[in-house]
Amino acid sequence: MPLFRHYKLKKMKKSKADILESSIRKQFNKGCVDYHLLEDGDRILIGLSGGKDSLELVRLLSTRAKIWKPRIHVEAAHIIIENIPYESEVEYLKEFCKESGVKLHIIRNTFDETTDRRKSKCFLCSWTRRKTLFEYASTNGFNKIALGHHMDDILTTLLMNLTFESSLNTMMPSLKMQHYPITIIRPLCLVEEKHIAALAEELHFRKQNKLCPYEKESKRAEMENIFRELERLNPEARYSMWSALMKNHANK
């Protein structure tokens, strides 16, 4: 008789959220390593819009900050443009960040659309948000700003620039600013939007109180539809586009 009996332990069945989280974290970690996005001593400010992508970025970076190497410090900033009817539930964002162990800064600003009639409200609002974020980061000791752009965002921008600007440029995983001592990083650069959307649904992320009134009127919304059509024609389209983008960037 054997002294010990060996029992095959059944693995606990993972939930859908666990599976999605594992997939997203794998691509997040790969993006951070492949494009050298995190370095020891980084002070990172997350641009928290309140959408699903930036909320997930808070969760991922807050967890990553608990790892010893590279040692990073993470905070978040939510910009409110007061003359645009677009807003998130600030108390929810505060609670979300508190649970993640991330300090949140609420910053308010506005813009005067009469300063340049050639530019749309959409452009002026977006530029004011970015400038406010850049200035806050640079004056408060942050050397990096993390934005929640995923692979779909980057490739859609590539299509837009190719179509309207005769350019192969797009948002890159890492970009050093010219006029600020800051590097923009996009740790979700290898993550597919559909996976973030599915996880947000599983974890019941709360949506903005009011959506941007211009987001469905832009060329970007139309180009997103074209990108989805390309994926319908070829499920591997995104990876071909990404490979071409990286080769073009490496040859510069």
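Residues numbered from 1 in each chain as written. Predicted model: local features only at pLDDT ≥ 70, side-chain atom pairs only at ≥ 80, totals over all residues. Heavy atoms only, no water.

Check the secondary structure of the protein and you find 8 helices and 6 strands. Reading the protein from its N end, one meets helices and strands in the order α-β-α-β-α-β-α-β-α-β-β-α-α-α. Counting across all 252 residues of the protein, residues that qualify as buried make up 44%. The contacts in the protein between residues at least 6 apart in sequence include a share of 79% that link residues at least 24 apart. (Helix = DSSP H or I, 4+ residues; strand = E, 2+ residues; numbered from the N terminus. Buried < 20%, exposed > 50% of the residue type's maximum accessible area, 1.4 Å probe, protein only. Contact = heavy atoms within 4.5 Å.)

For residues other than glycine, phi is negative in most cases, and the peptide bonds are mostly trans. The linkage connecting Lys69 with the following residue, Pro70, adopts the cis geometry, with an omega of -10 degrees. Along the polypeptide, Pro70 turns up in the loop between α2 (52-64) and β2 (73-81). Its identity as a non-glycine residue notwithstanding, His36 has a phi of 50 degrees, on the positive side. Mapped onto the fold, His36 is located in the loop between α1 (16-34) and β1 (43-47).

Here we come to the confidence of the model for the protein. Here the protein averages 88 in pLDDT, and 89% of its residues register 70 or above. Taken as a whole, residues 1-10 scores under 50 in pLDDT and shows 0 contacts with residues more than four places along the chain or in a different chain. (pLDDT = per-residue confidence, 0-100.)

Two modes of strand pairing occur in sheets, parallel and antiparallel, and in both the strands are linked by backbone hydrogen bonds. Taken in spatial order, the 6 strands of this open sheet run β3-β2-β1-β4-β6-β5, and their pairing is mixed. Looking at the sheet topology across the chains shown, the edges are occupied by β3 (103-109) and β5 (174-176). In this sheet, neighbouring strand axes are inclined to one another by 25 degrees on average, regardless of whether the strands run parallel or antiparallel. For β5 and strand β6 (residues 183-185), the ladder comprises 3 bridges, and the chain directions are antiparallel. Opposite Leu175, over in β6, you have Ile184 as the bridge partner. Strand contacts of α2: β1, β2 and β4 (144-146), with the helix running at about 155 degrees to β1, the strand carrying the most contacts. Here helix α4 (residues 121-139) sits on the sheet in contact with β1, β2, β3, β4 and β6, set at roughly 145 degrees to β2. (Pairing = 2+ DSSP bridges. Axes fitted to C-alpha atoms, helices over the stretch in contact; angles between N-to-C directions.)

Of the positions making up helix α3 (residues 90-100), those classed as buried are Val90, Tyr92, Leu93, Phe96, Cys97 and Ser100. End-on, the buried residues of α3 take up no more than an arc of 160 degrees, which puts them together on one face. Along α3, the residues that are exposed and aim more than 90 degrees away from the buried face are Glu91, Lys98 and Glu99. At its buried positions, α3 is contacted by α2, β2 and β3. The first or second residue beyond α3 is Gly101, which carries a positive phi of 75 degrees. (Arc of directions from axis to C-beta.)

What follows deals with the pattern of salt bridges. Using the criterion set out here, one finds 18 salt bridges in the structure. When the shortest N-O distance is used, the salt bridge between Glu82 and Arg108 registers 3.7 Å. Pair noted here: Glu82 is in the loop between β2 and α3 and Arg108 is in strand β3, with a separation of 26 residues, a long-range link. When sorted by exposure, Glu82 lands in the same class as Arg108, which is exposed. (Salt bridge = Lys/Arg side-chain N within 4 Å of Asp/Glu carboxyl O.)

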